[in-house]
Amino acid sequence: MFHFISGLPRSGSTVLSALLRQNPRYSAAVTSPVASLIMPLLHSMSGASEFAVFFNDERRRTIIKAVFDSYYAGIPVDHLVFDTNRTWTGKLPLLNELYPKSKVICCVREIGWVIDSLERMLRKNPTQLSRTLDYKPGSSLYARIETLMNSDRGLIGLAWSNLREAWFSQYASKLIVINYDTLVAAPEAVLRGLYRELEEPWYPHDFANLSYDEPEYDAHLGMPGMHKVGARVERQNREPCIPPDIFAKYAHLSFWLQPEAVRKGIVTL
């Protein structure tokens, strides 16, 4: 069985994956290449290719599912796989076609704090250029934010656009939204709610003994320590490192706080 983790960067998806991995029946990671493998395949099987005439919908579905099955070939069939990629919210029609019973868990956080968290990581690694900025330094904090907020390819902007697309689509009922602040303040309550929504038996997680790291992946991003999770899930109060006008500029983007979520069948934990 497949479920998916998506949403905004720096919003708790790594913490959530680290928690889910404690359950021996669950497979979860900081990210997955499956989405990036599937998109070129779709292009090759579409009208853009000279071989498009050899594919119908059934064959396309079979090939795409084979990518999932091959990548997770070592996972027992009775286990749950949580495949993580921020682009999945932009592919709900495809996920619904492939796995109609699957859910997409969307981690969210106030945009100002997402920007603040990324900027803090960049400042921790001043001798490196990050893939999150296309390996460009940016002339200033404000220039870096413009790059991050680009709706076509920016790390934050693209994820936000995909999430908003999913939120207002006919597949919105597939979404389970987890707010970062709630996750770190009450992790057990959030996890119990998630288990209920997935109709899974509860597993006793250890919220004080958590450990997860992807040093090679983070080094490749030019952001060492970006996905390192501390031993305990807890709220950390700190002063922001970005100016207050940035928080004000993006304060209106938290559409997941709108009351219409209930009407669309979206579950918020």
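Residues numbered from 1 in each chain as written. Predicted model: local features only at pLDDT ≥ 70, side-chain atom pairs only at ≥ 80, totals over all residues. Heavy atoms only, no water.

(A) Geometry of the side chain of Thr89. Here Thr89 lies in the loop between β3 (80-84) and α4 (92-98). Among the polar contacts made by the side chain of Thr89, one reaches the main-chain carbonyl oxygen of Arg86 at a distance of 3.4 Å. Discounting chain neighbours no more than four positions away, the residues touching Thr89 are Ser6, Gly7, Val104, Cys106, Ala159, Asn162, Leu163 and Ala166. (Helix = DSSP H or I, 4+ residues; strand = E, 2+ residues; numbered from the N terminus. Polar contact = N/O pair within 3.5 Å; in protein donor to acceptor, adjacent residues only side chain to side chain. Contact = heavy atoms within 4.5 Å.)

(B) Here's a closer look at the packing of aromatic side chains. Counted by the stated rule, this structure contains 18 aromatic pairs. Pairing Trp167 with Phe255 gives two aromatic rings, centres 5.5 Å apart and planes at 75 degrees, and the pair type is edge-to-face. With Trp167 in helix α7 (residues 155-167) and Phe255 in the loop between α11 (244-250) and α12 (260-263), this pair connects stretches of sequence that are 88 residues apart. Across this residue pair, the class does not change: Trp167 and Phe255 are buried. (Phe/Tyr/Trp six-rings, centres within 6.5 Å; stacked < 30°, edge-to-face > 60°. Buried < 20%, exposed > 50% of the residue type's maximum accessible area, 1.4 Å probe, protein only.)

(C) Inspection of helix α3 (residues 57-71) at higher detail. In a regular helix each residue adds 1.5 Å, so 15 residues correspond to 21 Å; α3 covers 22 Å between its end C-alpha atoms and thus fits that length. When we look at burial in α3, the residues that qualify are Ile64, Val67 and Phe68. All buried residues of α3 fall inside an arc of 95 degrees around its axis, so they share one side. Within α3, the exposed residues directed more than 90 degrees away from the buried face are Glu58, Thr62 and Ser70. Looking at the buried residues of α3, the elements they touch are β1 (2-7), α2 (34-44) and α4. (Expected span 1.5 Å × (residues − 1). Arc of directions from axis to C-beta.)

(D) Main features of unusual backbone geometry. Backbone geometry at Arg10 places phi at a positive 55 degrees, although glycine is not the residue there. Within the secondary structure, Arg10 sits in the loop between β1 and α1 (13-20). A positive phi angle is found at Glu199, which is not glycine, with a value near 55 degrees. Judged by relative accessible area, which is 71%, Glu199 ranks as exposed.

(E) Quick look at the packing of helix α5 (residues 111-124) against helix α6 (residues 141-148). Where α5 meets α6, the closest approach of the two axes is 11 Å, and the angle between their N-to-C directions is 120 degrees. As judged from the angle between their axes, α5 and α6 are oblique. Between α5 and α6 lies a crossing of right-handed hand. Residues Ile115, Leu118, Glu119, Leu122 and Arg123 of α5 touch α6, and the partners they reach there are Leu141, Arg144, Ile145 and Leu148. When grouped by side-chain class, the residues that make up the contact of α5 with α6 number six nonpolar, no polar and three charged. (Axes fitted to C-alpha atoms, helices over the stretch in contact; angles between N-to-C directions. Parallel < 35°, antiparallel > 145°, perpendicular 65-115°, else oblique. Left-handed = near helix turned anticlockwise from the far one by under 90°. Nonpolar A, V, L, I, M, F, W, Y, C, P; charged D, E, K, R; others polar.)

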